[in-house]
Amino acid sequence: MTERKIRVLVAKPGLDGHDRGAKVVARALRDAGMEVIYTGLRQTPEMIAEAALQEDVDVVGLSILSGAHMALAPRVLELLKGNGQENVRVFLGGIIPDEDLPRLKALGIAGVYGPGAPTEQIVAEIRAAVSGATE
Amino acid sequence: MTFLTQSVLSGDRLALARLLSQVENDTPAGRAALDALFAHTGQAHLIGVTGAPGTGKSSLVNQLALHFRRAGKRVAIVAVDPSSPFTGGAVLGDRVRMRDLAGDPGVFIRSMASRGSLGGLAAATAAATQVFDAAGFEVILIETVGAGQSEVDIARLAHTTLVIEAPGLGDDIQAIKAGILEIADLLVINKADHPGVEATERALKTMLELAHPVRKVFLHHGQKFELNGEAAPGTALWIPPVCRTVALSGQGLPELLEAIERHAAHLRSSGDWARRERARLEAEFDLLFQETLVARFLAQLPAGRLDSLLAALQERKLAPRAGVEQLLNGDGT
């Protein structure tokens, strides 16, 4: 039997066109042995939820730099839940003000990373979240 | 039949996605489901899309899916990208070019990492197509990893194989080499709005003429003429057409689609469809048979037997072939 791979969808919802951060994270997760499905720029929450379903991912990583995270992130969570994927862990990266963190945590976002967050930390926290979810 | 299998047959998309993971990970549940679903397979048209990295395979798959959808067919896409040989990780990026297909419930896209397989597909790609086939997808597009010259597994899996070329990638010497061009049922020159498309087309057509010396087709004042054209009844010959496309604009797609349909009709009328199915099933059976046989044999060996044999090989006391004989005959235990 093949060793079970962690599958991660990396997506950029919203209208900002800067995906270097998302690519850096995708590459780091790849180097950590994960399978990363990269979907590119300007995804709607609906497109992200649909891709997460078809790809049967364990984790969704959202990169949002536009400031629209309080609208986009809850919508993605809601759609995942509607599809029966409430077990999928959602992580958020980008420019996220500290005062939004408690609300994002309360909504069920598993982790939030700003610029300069070490990729080792992201990898470790995704691994921990996934092993917690599958037990 | 399990609940998961039942749900897949009734069109549940989440169940389908989860079953694909079970199959990809070769779990006992995945194996059982494949057995249960097998009777429902054999309906879909499997179309392989292969070619060098950057020739536009994903964009072309996107366009093909759009066109098949317009014809009312349900389309599944299996897109394979390479796994890292060092970490086992992968970045699967084919969906980036397929955003036109989002929101259409008649399309299902699944990305697969090659996970160490070298033939251009993943070990579980064939099994994934069986799941889609059973789930009622009429067209299954299989996109290989960016292929060089010898990733030819797709020809064994697909009914129709498209080899995608782009202008400027090689001359007529590349075109007569063995390998990927030989497996083409259709040759597609994508990015046909780029310079050099005539030279590429000429090289490919020259190659085709060399490959099919019995039936010569040439163009004269834009008209197709055939020499020794009539194949004997029952031995109909398929000469791969060369299609020009521009995947980004959709140019040439109706003609490509028409050529694909013509190939499917040719396979059915010539009996090649059944022959390919049989060859594919035979190869699949062979592989499973060998795997199972080896696994069972190794499981009943006394503990340490294999280790001592390998040690004897390393000390040059035993040659590998003699070692195999010894193991199978039960000598030297």
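Our structure's up above, just so we're on the same page.
Please read all numbers here as calculations on a predicted model, not as lab measurements. (Residues numbered from 1 in each chain as written. Chains lettered and ligands numbered in written order. Predicted model: local features only at pLDDT ≥ 70, side-chain atom pairs only at ≥ 80, totals over all residues.)

**Re the overall build of chain A**
On a plain count of helices and strands, chain A comes out with 5 helices and 5 strands. Sequence-ordered secondary structure for chain A, helices as α and strands as β, is β-α-β-α-β-α-β-α-β-α. Here the C-alpha atoms of chain A give a radius of gyration of 14 Å, agreeing with the 14 Å that 2.2 N^0.38 yields for 135 residues. Dimensions along the principal axes, computed over C-alpha positions, put chain A at roughly 45 × 35 × 25 Å. In chain A, which comprises 135 residues, the proportion classed as buried is 49%. Counting only contacts in chain A whose residues sit at least 6 apart along the sequence, the fraction spanning at least 24 positions is 74%. (Helix = DSSP H or I, 4+ residues; strand = E, 2+ residues; numbered from the N terminus. Rg over C-alpha atoms; globule rule 2.2 N^0.38 Å. Buried ≥ 20, exposed ≤ 12 C-beta atoms within 10 Å, placed from the backbone. Contact = placed C-beta atoms within 7 Å.)

**Considerations on the sheet that holds strand β10 (residues 242-244) of chain B**
All names here are of chain B. Strand order across the open sheet formed by 7 strands is β4-β2-β5-β1-β6-β7-β10, with parallel pairing between neighbours. In this open sheet, the two edge strands, each paired with only one partner strand, are β4 (107-113) and β10. Shown here is a sheet whose adjacent strand axes are inclined to one another by a mean of 20°, direction ignored. Where strand β7 (residues 186-189) lies against β10, 3 bridges are found, and the strand directions are parallel. (Pairing = 2+ DSSP bridges. Axes fitted to C-alpha atoms, helices over the stretch in contact; angles between N-to-C directions.)

**What to know about helix α3 (residues 28-37) of chain B**
Residue and element names in this part refer to chain B. All of the buried residues along α3 are G30, A33, L34 and L37. Down the axis of α3, the smallest arc covering the buried residues is 100°, so these residues share one side. The exposed set on the far side of α3, more than 90 degrees from its buried face, consists of P28 and D35. Residues of α3 that are buried make contact with α1 (3-9), α2 (13-24) and α5 (125-134). (Arc of directions from axis to C-beta.)

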